[in-house]
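As a plain string of letters, each chain reads:
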There are 2 protein chains.
Amino acid sequence: MNFNINILGTGGTRPLHNRYLTSVLIEYHGESFLFDCGEATQMSLRKQKISWQKIKMICITHLHADHITGLLGIVMLMAQSGNTRKEPLTIIGPIGIKKYLETNIELLRVHKNYDIIYKEIIINKTESILYEDKKKRIEYIKLKHSIDCVGYLFIEKNKPGKFDTQKAESLNIPKGPIRKKLQEGHEVILNEKKILPSDILGEPQKGLKFAYITDTAYSEELSTHIKNFNLVIIESTFKNELKEEAKKKLHLTAKLAAKITKKAKVHQTGLIHFSERYTLNKDLFELLDEAKQEYPNGEIFLTKDGMRLKANKDKFIIK
Amino acid sequence: MNFNINILGTGGTRPLHNRYLTSVLIEYHGESFLFDCGEATQMSLRKQKISWQKIKMICITHLHADHITGLLGIVMLMAQSGNTRKEPLTIIGPIGIKKYLETNIELLRVHKNYDIIYKEIIINKTESILYEDKKKRIEYIKLKHSIDCVGYLFIEKNKPGKFDTQKAESLNIPKGPIRKKLQEGHEVILNEKKILPSDILGEPQKGLKFAYITDTAYSEELSTHIKNFNLVIIESTFKNELKEEAKKKLHLTAKLAAKITKKAKVHQTGLIHFSERYTLNKDLFELLDEAKQEYPNGEIFLTKDGMRLKANKDKFIIK
């Protein structure tokens, strides 16, 4: 349960009885982060027995109904059931998200016993880092859709290597604050000798980089933001035969999604946000094939409602 | 397909992955009437392969989220998919419904290619008959909930008896406008002799009376509005052991629901709007038992997502 990516839904436009709308939830060391929340997302969340009270932040890509109209339901779920929530909920999204939710809370006189902190994004003005703590940060990137729309990057910081007690003993480093300082990555002077953190720490472990990208038209620039990312979940609304429709509607084909992640040398690419016309496996596998043809050396897969990806060293394992 | 009652959902408060929110759709001679529309109702509608373009009217009982937040999704479904809708959609509900929906249409910039006609109910002021045509009428009744809330009556008018051609011949009634007049229920004078419709028409068939009642506390008066109704779908949120909670939250227990329909001599009673705590059959059957104990001579049943009741002469048959 340290770092999981849960796929709550994979469809576009409308929720279907056998496919929820595109939504992803990250569990990270006991805290959860929800990305998008269309109609019925709460049903998928509960079907997968995910704790909604652990959700610290909800990040909305854009204010189209299929990405947002389940928000009120989740906000009410947090207020009315399970343990009473004490922690505030942070909601991030393009400007307008606060007005949307607060208006609905008022119109339907929703009772809420916790605070909501809004962080509204004004694209190109709001600083790209939206959240940061010791272990991770969340950034937004601008997407190209019919209204303001952003993708989200969830970037785990590099983890310092393991403290090597034997080495520390051999260098006569006393237990206590000096060891702590080294562990935290600072060099120290001991008996007039400089000691570097790398002298007593093992190899640092690279943090994992994850991106959630939907809805967007193709853009050259997109790849620059996800260079060498470990996992990118990216919209793949249409087959290549509908590339003109994709262009017109500012969406991606599976082929274009793979073109973006190939250019960025992304390790794992998960396709998501499938058009309502593709519910049969036959069609979904065609989408996958088109993406694989574009990026044969990449690890590309179809996401699926209920899929869970578990971080394991330098990659995510599908459970 | 002449007169069906489709149960789209049976739960209260929140949609569950295995139980949609309480919603009922009447199919009547090619037109449909939807009652309540909480989050995810469109999923159930489509799961049951019901045509959303045939929905002529949506009647909302009250402005609590679990009865209304799926409305926008259905409105969008009608606009964006299937054949382009030409007919306007009528939306009926307590005052505030127009503001709720129009605000959301505006906030999310929803594109809509047909008209919505709103009929807002001001309880005790708005005339009880909301809609009427040759075959049926829809009325509202006041319920007792924490906000303005109404139940709906769908009353089929009595159907004239079959035209008896043999009798008409024996009375020398010529084919054409005179027969038509009699068929429509008017008496005629033929060769200075008065002929009554009953002379040439068989036994008239009584129309069926249906009511949809949720959410409400117990009230003596309720029974007076549904006297001898053929079918009443009525909320049954709690077991009797939670009767105090039912009272506090202005809901019914199964026992009280049956008390109301018993007093009104309702023929068939369908229980609906079950608390989220009752998902096991064991619990649902307890609700049913409590209702049956209260009204042992009534025909009482649990409604279920996907259930279809088909009008057959003087009653509804569960399909």
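Residues numbered from 1 in each chain as written. Chains lettered and ligands numbered in written order. Predicted model: local features only at pLDDT ≥ 70, side-chain atom pairs only at ≥ 80, totals over all residues. Heavy atoms only, no water.

Enquirer: What's the story with the overall build of chain A in this structure? I'm lost.
Expert: Secondary structure assignment for chain A yields ten helices and 17 strands. Here the C-alpha radius of gyration of chain A, 22 Å, is about what a compact globule of 319 residues would show, namely 20 Å. If you line up chain A on its principal axes, its C-alpha atoms span 70 × 50 × 40 Å. Long-range pairs, those at least 24 residues apart, make up 63% of the contacts in chain A with a sequence separation of at least 6. (Helix = DSSP H or I, 4+ residues; strand = E, 2+ residues; numbered from the N terminus. Rg over C-alpha atoms; globule rule 2.2 N^0.38 Å. Contact = heavy atoms within 4.5 Å.)

Enquirer: Can you help me understand the UniProt feature "active site" in chain A in this one?
Expert: All names here are of chain A. With numbering matched to this structure, UniProt assigns "active site" to Asp66. Its place among the elements puts Asp66 in helix H2 (residues 65-68). The exposure class of Asp66 is buried, given its relative accessible area of 12%. With residues up to four places along the chain from it excluded, the contact list for Asp66 reads Gly12, Thr13, Leu21, Gly38 and His273. (UniProt positions renumbered as here; feature names shortened; annotations may be inferred. Buried < 20%, exposed > 50% of the residue type's maximum accessible area, 1.4 Å probe, protein only.)

Enquirer: What exactly am I supposed to notice about the sheet that holds strand S4 (residues 55-59) of chain A here?
Expert: Whether parallel or antiparallel, the strands of a sheet pair through hydrogen bonds between backbone atoms. All names here are of chain A. Sheet architecture is open: eight strands sit in the order S6-S5-S4-S3-S2-S1-S16-S17, paired in mixed fashion. Of all strands in the sheet, those with a lone pairing partner are strand S6 (116-121) and strand S17 (315-318), marking the two edges. Taking the axes of each pair of neighbouring strands and ignoring which way they run, one obtains an average angle of 20 degrees across the sheet. Two strands pair when backbone bridges link them, and strand S3 (residues 31-35) and S4 are joined in this way by four bridges, in the parallel orientation. Across the sheet, residue Ser32 finds its bridge partner in S4, namely Ile55. Running over the sheet, helix H4 (residues 97-107) touches strand S5 (89-94) and S6 and is turned about 145 degrees from S6. (Pairing = 2+ DSSP bridges. Axes fitted to C-alpha atoms, helices over the stretch in contact; angles between N-to-C directions.)

Enquirer: Even after reading the chapter, I still don't get the UniProt feature "binding site: Zn(2+) 2" in chain A, so can you show me in this structure?
Expert: Residue and element names in this part refer to chain A. Here, UniProt's "binding site: Zn(2+) 2" annotation points to Asp66, His67, Asp215 and His273. Spanning 208 residues, the named residues nonetheless gather at one spot, since no C-alpha pair among them exceeds 10.7 Å. Checking the named residues against the largest cavity, the ones that line it are Asp66. Mapped onto the fold, Asp215 is located in the loop between strand S12 (209-213) and strand S13 (231-235). Not counting residues up to four positions away in its chain, the partners in contact with Asp215 are His62, His67, Leu143, Lys144, His145, Cys149, Glu235, Leu250, His251 and His273. In terms of polar contacts, Asp215 uses its side chain to reach the side chain of Thr214, at 2.6 Å. (1 Å grid on protein atoms, 1.4 Å probe; cavity = no way out; pocket = protein on both sides within 12 Å on 5 of 7 lines; lining within 4 Å. Polar contact = N/O pair within 3.5 Å; in protein donor to acceptor, adjacent residues only side chain to side chain.)

Enquirer: Help me understand the pattern of salt bridges, please; the structure alone is not making it clear to me.
Expert: Pairs can form between side chains of opposite charge once their charged atoms are near each other. Residues and elements named next belong to chain A. Here the structure, examined in full by the defined rule, presents 40 salt bridges over all chains. The residue Glu139 makes a salt bridge to Arg137 at a minimum N-O spacing of 2.6 Å. Take Arg137: its relative accessible area is 22%, and that puts it in the partly exposed class. When the shortest N-O distance is used, the salt bridge between Glu294 and Lys255 registers 3.2 Å. Of this pair, Glu294 sits in helix H10 (residues 281-294) while Lys255 sits in helix H9 (residues 254-263), and the two are 39 residues apart along the sequence. When its relative accessible area of 16% is taken as the criterion, Glu294 is described as buried. You can call Lys255 partly exposed: its relative accessible area is 34%. Where salt bridges share partners, they join Glu31, Lys56, Asp133 and Lys136 into one cluster. (Salt bridge = Lys/Arg side-chain N within 4 Å of Asp/Glu carboxyl O.)

Enquirer: Looking at this model, I keep getting lost on the packing of aromatic side chains. Mind explaining?
Expert: The way to describe two aromatic rings as a pair is by their centre distance and the angle between their planes. Overall, the coordinates contain 16 aromatic pairs over all chains when judged by the stated rule. Ring geometry for Phe3(A) and Phe154(A): centres 5.5 Å apart, planes at 45 degrees, overall tilted. Of this pair, Phe3(A) sits in strand S1 (residues 3-9) while Phe154(A) sits in strand S9 (residues 150-156), and the two are 151 residues apart along the sequence. Given the relative accessible area of 0%, Phe154(A) is considered buried. Three or more aromatic residues joined by ring pairs form one cluster here, namely Phe3(A), Tyr28(A), Phe33(A), Tyr131(A), Phe154(A) and Phe316(A). If you follow Arg85(A) out to its NZ or CZ, it ends over the ring of Tyr114(A), 5.4 Å from the centre. The lysine or arginine in question, Lys112(B), covers the ring of Tyr114(B), its NZ or CZ lying 5.6 Å from the ring centre. (Phe/Tyr/Trp six-rings, centres within 6.5 Å; stacked < 30°, edge-to-face > 60°. Lys NZ or Arg CZ within 6 Å of the ring centre and 35° of its normal.)

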